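Structural characterization, general
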Amino acid sequence: MQALSQRIFLSGGMHVNVAKAARRRAEREKALQENTDTLAEIDEIGVQVKDLERGLLDFPCVMEGQTVLLCWKLGEKEISFWHTLEDGFAGRKPVDARFGKAERERLN
């Protein structure tokens, strides 16, 4: 950090507050690690994070002997869609009677 500060100063740039820059770097690294740890926790319980920007999550489920994914997107009030492993998000279908309450409770 001091070498960077010296180069910026010698090139006519502004002076870098090394202590402040180091503190911000440490805060950034801590936040990145917290995000990584949180994603690992989510993965451990079986939830698949598909797209962080859209807030897209998939929950593996067995329907009629086939593994499918219950699908939730940020902003949706509840899990109302599902899709096959092959179809992905583009193939979302509404949750219907095949996904009974007893079945959902058994999976959790």
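As a reminder, the structure under discussion sits directly above these lines.
To start, this report covers the structure provided alongside it. Along each chain, the written sequence defines residue order, and numbers are assigned to residues from 1. Owing to the predicted nature of the model, reporting of local features is limited to residues with pLDDT of at least 70; listing and counting of side-chain atom pairs is limited to 80 or more, with chain, interface and lining totals taken over all residues. Note that the side-chain values use all heavy atoms of the structure and ignore hydrogens as well as water.

Overview of the packing of aromatic side chains
Pairing of aromatic rings covers Phe, Tyr and Trp, the last through its six-membered ring, and needs centres within 6.5 Å; plane angles under 30 degrees mean stacked, over 60 mean edge-to-face, and all others mean tilted. Enumeration over the complete set of coordinates arrives at zero aromatic pairs. In this analysis the charged atom, NZ for Lys or CZ for Arg, is taken to sit over a ring once it is within 6 Å of the ring centre and within 35 degrees of the ring normal. The ring of Phe89 is capped by Arg54, whose NZ or CZ atom sits 4.7 Å from the centre of that ring. The cationic tip of Arg92 hangs over the ring face of Phe81; the distance from NZ or CZ to the ring centre is 4.0 Å.

Quick notes on the sheet that holds strand β5 (residues 93–94)
Two strands form a pair only when DSSP identifies at least two bridges running between them. Runs of E in the DSSP output that reach at least two residues are strands. Runs of H or I that reach at least four are helices, and both are numbered from the N terminus. Within the open sheet, the five strands sit side by side as β1-β2-β3-β4-β5. Their pairing is antiparallel. Either end of the sheet is taken by a strand with one partner, and the two such strands are β1 (48–51) and β5.

Topic: unusual backbone geometry
A positive phi angle, close to 50 degrees, is found at Glu64, a residue other than glycine. Of note, Glu64 is situated in the loop between β2 (56–63) and β3 (66–73). Judged by its relative accessible area of 63%, Glu64 falls in the exposed class. Accessible area is worked out with a 1.4 Å probe on protein chains only. A residue is then buried under 20% of its type maximum, exposed over 50%, and partly exposed in between.

As for the pairing of β1
Taken together, the three bridges between β1 and β2 define a ladder with antiparallel strand orientation. Along β2, the bridge assignment pairs Val49 with Leu57. Linking two consecutive strands that pair antiparallel, namely β1 and β2, is a turn of four residues; a positive phi of about 70 degrees is found at Gly55 within it.

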